Amino acid sequence: MSKVAVVYWSGTGNTEQMANAVLDGVRNAGGEAELFTASEFDTGTVSAYDAIAFGCSAMGDEQLEESEFEPMFNACEPQLNGKKIALFGSYGWGDGEWMRSWEETCRNDGAVLATESVICNDAPDDEAISKCQALGATLV
């Protein structure tokens, strides 16, 4: 059975809704999943999981949240080489540049992006929730 961590940061609750859908997708596919906020996850936790779904909304100039999520993610980066991961998040404006940049960073770190990332504008609709569930299932 695959053990998956779902790690997220959410300012408005939109990315949290997506994280819960990813969690449901993992569990519905028969995997074991645990949900963490960015402040609850650290480098000591990475190796305990077969796969990790990271979720963060776009902030400011289309970048990751800087006070909690980005420091946690940057600290975990060296341990992502060869690790199966997936990315998701919401945004309020722009065109998703933050996600493309984040994907490139992960590829450069040697992480294995298991599936296409899921992004949505503002609150996730039924389609985005479904895509998040599928993302979770892919990690199992």
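Scroll up to find the structure this text is about.
The structure displayed is predicted, hence computed values, not measured ones. (Residues numbered from 1 in each chain as written. Predicted model: local features only at pLDDT ≥ 70, side-chain atom pairs only at ≥ 80, totals over all residues. Heavy atoms only, no water.)

**Some points on helix 1 (residues 14-28)**
Taking 1.5 Å per residue as the helical rise, helix 1 with its 15 residues ought to reach 21 Å, and the 21 Å between its terminal C-alpha atoms agrees with that figure. The set of residues buried in helix 1 consists of N14, T15, M18, A19, A21, V22, L23, G25 and V26. G30 occupies a position one or two residues after helix 1 and carries a positive phi of about 95°. (Helix = DSSP H or I, 4+ residues; strand = E, 2+ residues; numbered from the N terminus. Expected span 1.5 Å × (residues − 1). Buried < 20%, exposed > 50% of the residue type's maximum accessible area, 1.4 Å probe, protein only.)

**Some thoughts on the packing of aromatic side chains**
A full pass over the atoms with the stated rule returns 10 aromatic pairs. Ring geometry for F36 against Y49: centres 5.8 Å apart, planes inclined by 85°, an arrangement best described as edge-to-face. Linking F36 in strand 2 (residues 32-37) with Y49 in the loop between helix 2 (43-46) and strand 3 (51-56), this pair joins segments that are 13 residues apart in sequence. The two residues F36 and Y49 agree in class, both being buried. Arranged with centres 5.6 Å apart and planes meeting at 80°, the rings of F73 and W102 form a pair that is edge-to-face. Of this pair, F73 sits in helix 3 (residues 69-76) while W102 is found in helix 4 (residues 97-108), placing the two residues 29 residues apart along the sequence. Overall, the relative accessible area of 1% leaves F73 in the buried class. Put simply, the rings of F36, F41, Y49, F54, F69, F73 and W102 pair up and form one aromatic cluster. Taking NZ or CZ as reference, K3 lies 5.1 Å from the ring centre of Y49, over its face. (Phe/Tyr/Trp six-rings, centres within 6.5 Å; stacked < 30°, edge-to-face > 60°. Lys NZ or Arg CZ within 6 Å of the ring centre and 35° of its normal.)

**Examining unusual backbone geometry**
The phi angle at D122 is positive, at roughly 65°, despite the residue not being glycine. Of note, D122 is situated in the loop between strand 6 (118-121) and helix 5 (126-138).

**Considering the environment of M18**
One can find M18 in helix 1. Leave out the neighbours within four places in its chain, and M18 touches F88, G89, S90, V118, I119, C120, P124 and C132. (Contact = heavy atoms within 4.5 Å.)

**Describing the pattern of salt bridges**
Enumeration over the complete set of coordinates arrives at 2 salt bridges. With a shortest N-O distance of 3.1 Å, D95 and R100 are connected by a salt bridge. Using a relative accessible area of 49% as the deciding quantity, one classes D95 as partly exposed. A salt bridge links K131 to E127; its shortest N-O distance comes to 3.3 Å. (Salt bridge = Lys/Arg side-chain N within 4 Å of Asp/Glu carboxyl O.)

**Topic: the pairing of strand 4 (residues 84-91)**
Burial of strand 4 is extensive: 7 of the 8 residues sit out of reach of the surface. Pairing analysis gives 5 bridges linking strand 3 to strand 4, with the strands arranged parallel. Its bridge partner being in strand 4, I52 is matched across the sheet by I85. Handedness of the crossover is the feature at issue here: the chain leaves strand 3, passes through helix 3, returns alongside strand 4, and the resulting connection is right-handed. The pairing of strand 4 with strand 5 (residues 112-113) spans 2 bridges and is parallel. (Pairing = 2+ DSSP bridges. Right-handed = clockwise from strand over helix to strand, strands pointing away.)

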